[in-house]
Amino acid sequence: MNESSELFESVRTADLRLATIGWRLASTNARLCDRQEPGTGLQIHTLDQFDSTNRPAAQAHFGFATPVAIEGVVPSSPAAQAGLRADDSLVRVGTVDMAALDGKPGTTQRLVAAQLAIAALPLDAPIEVEAIRAGAPVHVTVQPVPVCKSRFELRLADDFNASADGTMVQISARFLDDYPEEQFAAAVAHEFSHNILHHRDRLEARGVTWGLLSGFGANVKYFRQTEIQADLLSVYLLANAGYSPRAPIAFWRKFGPSGGPSIFRSRSHPQWRDRIATLEAEVAKLETISARPAIPALIAERSQPLSGDWQSLLIRSR
């Protein structure tokens, strides 16, 4: 295997690890989400998302026969059960004609368009998939399951950054490299919680300012409220998905004192020791609930404007 192939396979493995965690969180917590999509378990990529230098090698390695192909398939997902495989080139997914999707070379435009178009298909109707495998046509039927509506994207960067914009969770690969799977899942679940709780929409309704100014003035109270709410919900998302609800506590015990710049350290975010104390208390509450999925009361508040009251949510460390 040459250097390019090793790199492509490394990225594929990392992307599928995040996709598998995202699938596990999104499928087991579907009842907590009022925005859903048909879940297939497909991890797709496009030829034009590779830069011009790597594009010929990517086409040769992955065997792109169409502009959109399967990078990986989440194990035991509907796509896996239907027999779809990595490196199948997609012709059509339901009513979505892959060749008709727009995208400029060197961008992820076509990838996002494909993801959004598949997400807009009916929740529980069978999806007919046409693909090309090693030059031969493949026709399968995928029976999707309802999952929370959100894309999961690995950011190929050597830093500790994560974000959620209402429709997507993006997290740096450095987390995947430096943290055990459950702690990485805890970071993903935190960002995913922002999407489930419609935090982006609710923050915009409050007219807050993002970036460096998020830690100043009236912005602070709203951002801190959303950060603590995301911490609290992540405990339930993880437990429902079969992860340890204490994973966020382990994450913060390692990440909190580690030092270094990160969005997690800005003034808009609570102090890490207080986050651990708050998480400990929420885990204790969860342990009294036997039903799964466990659904916290704050789910019912997501249609309400943010109050800015973060103090009542936070438990101070001693």
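Scope of this entry: the structure provided in the associated data block. Here the structure is a predicted model, which is why all the values come from computation and not from measurement.

**Notes on the layout of surface pockets**
- By volume, the largest pocket is sized at about 550 Å³.
- Forming the walls of the largest pocket are 27 residues, and the residues nearest its centre are Val11, Asp15, Gln49, Leu154 and Leu156.
- At the level of elements, helix 1 (3-28), strand 2 (42-46), helix 4 (109-119), strand 9 (151-155) and strand 11 (168-172) are the ones that each hand at least two residues to the lining of the largest pocket.
- By residue number, the principal contributor to the lining of the largest pocket is helix 1, which donates seven residues.
- Broken down by class, the residue content of the lining of the largest pocket amounts to 13 nonpolar, seven polar and seven charged.

**So, empty space enclosed by the protein**
- Tallied over the full model, the rule gives two cavities of 30 Å³ or more.
- For the largest cavity, the lining is made up of 21 residues, of which Glu37, Leu42, Gln43, Ser150 and Arg151 are closest to its centre.
- Mapped by element, the contributors of at least two residues to the lining of the largest cavity are helix 1, strand 1 (36-39), strand 2, helix 4, strand 8 (145-148) and strand 9.
- For the lining of the largest cavity, the element with the highest residue contribution is helix 1, accounting for four residues.
- Along the lines of polarity and charge, the residues of the lining of the largest cavity split into 12 nonpolar, seven polar and two charged.
- Within this model, the second largest cavity holds a volume of roughly 70 Å³.
- Along its surface, the second largest cavity is lined by 10 residues, and Ala186, Ala187, His190, Phe251 and Trp252 are the ones closest to its centre.
- Listing elements by their share of the lining of the second largest cavity, those giving two or more residues are helix 6 (181-196), helix 8 (219-240) and helix 9 (247-255).

**Digging into the pairing of strand 4 (residues 89-93)**
- Summarising the sheet, strand 3 (residues 68-73) and strand 4 pair through two bridges and their orientation is antiparallel. Paired with Ala69 across the two strands is Ser89, which belongs to strand 4.
- Where strand 4 and strand 6 (residues 127-133) come together, four bridges link them in antiparallel fashion. Pairing of Arg92 across the sheet is with Glu130, part of strand 6.

**Observations concerning the nonpolar core**
- Residues Leu25, Ile171, Phe175, Phe184, Val188, Phe192 and Leu233 are the most contacted members of the largest nonpolar core, which totals 56 residues.
- Among residues more than four places away in sequence, those in contact with Leu233 are Leu32, Ser193, Ile196, Leu197, Pro296, Leu298 and Ile299.
- Ranked by size, the runner-up nonpolar core spans 22 residues in total, among them Val68, Leu84, Ile118 and Val140.

**Brief notes about the packing of helix 8 against helix 10 (residues 272-286)**
- At a minimum axis separation of 10 Å, helix 8 and helix 10 run at an interaxial angle of 40°. Classified by the interaxial angle, the pair formed by helix 8 and helix 10 is oblique. Where helix 8 crosses over helix 10, the handedness of that crossing is right-handed. Across the interface between the two elements, Glu227, Ile228, Asp231, Leu232, Val235, Tyr236 and Ala239 from helix 8 touch Arg275, Thr278, Leu279, Glu282, Val283, Lys285 and Leu286 from helix 10.
- For the contact of helix 8 with helix 10, the class distribution of residues is eight nonpolar, one polar and five charged.

**What about the state of the cysteines?**
- Within this structure, the stated rule accounts for one disulfide.
- A disulfide bridge connects Cys33 with Cys148, and the sulfur atoms are separated by 2.0 Å. In this structure, the disulfide formed by Cys33 and Cys148 twists by about 80° around the S-S bond and is classed as right-handed. Placement of the pair is Cys33 in the loop between helix 1 and strand 1 and Cys148 in strand 8, with a sequence separation of 115 residues.

**Looking at the packing of aromatic side chains**
- According to the stated counting rule, one finds 17 aromatic pairs in the structure shown.
- On the numbers, 5.5 Å between centres and 75° between planes, the contact of Phe160 with Phe255 is edge-to-face. A residue pair is termed long-range when its members are at least 10 positions apart, and Phe160 in the loop between strand 9 and strand 10 (162-164) and Phe255 in helix 9 qualify at 95 residues. Both residues of the pair, Phe160 and Phe255, count as buried.
- Relative to Phe255, the ring of Phe251 lies with its centre 5.2 Å away and its plane at 15°, an arrangement referred to as stacked. Linking Phe251 with Phe255, this pair stays in helix 9, spanning four residues, or about one helical turn.
- Taken together, the ring pairs connect Phe160, Phe175, Tyr179, Phe251, Trp252 and Phe255 into an aromatic cluster.
- In this arrangement the basic side chain of Arg24 is found over the ring face of Tyr243, its NZ or CZ atom lying 3.7 Å from the centre.

Basis of the calculations
- Residues numbered from 1 in each chain as written.
- Predicted model: local features only at pLDDT ≥ 70, side-chain atom pairs only at ≥ 80, totals over all residues.
- Heavy atoms only, no water.
- 1 Å grid on protein atoms, 1.4 Å probe; cavity = no way out; pocket = protein on both sides within 12 Å on 5 of 7 lines; lining within 4 Å.
- Points joined across faces, edges and corners; volume = space filled by probe spheres on them.
- Helix = DSSP H or I, 4+ residues; strand = E, 2+ residues; numbered from the N terminus.
- Nonpolar A, V, L, I, M, F, W, Y, C, P; charged D, E, K, R; others polar.
- Pairing = 2+ DSSP bridges.
- Core = buried A, V, L, I, M, F, W, Y, C linked by side-chain atoms within 4.5 Å.
- Buried < 20%, exposed > 50% of the residue type's maximum accessible area, 1.4 Å probe, protein only.
- Contact = heavy atoms within 4.5 Å.
- Axes fitted to C-alpha atoms, helices over the stretch in contact; angles between N-to-C directions.
- Parallel < 35°, antiparallel > 145°, perpendicular 65-115°, else oblique.
- Left-handed = near helix turned anticlockwise from the far one by under 90°.
- Disulfide = S-S within 2.5 Å.
- Phe/Tyr/Trp six-rings, centres within 6.5 Å; stacked < 30°, edge-to-face > 60°.
- Lys NZ or Arg CZ within 6 Å of the ring centre and 35° of its normal.

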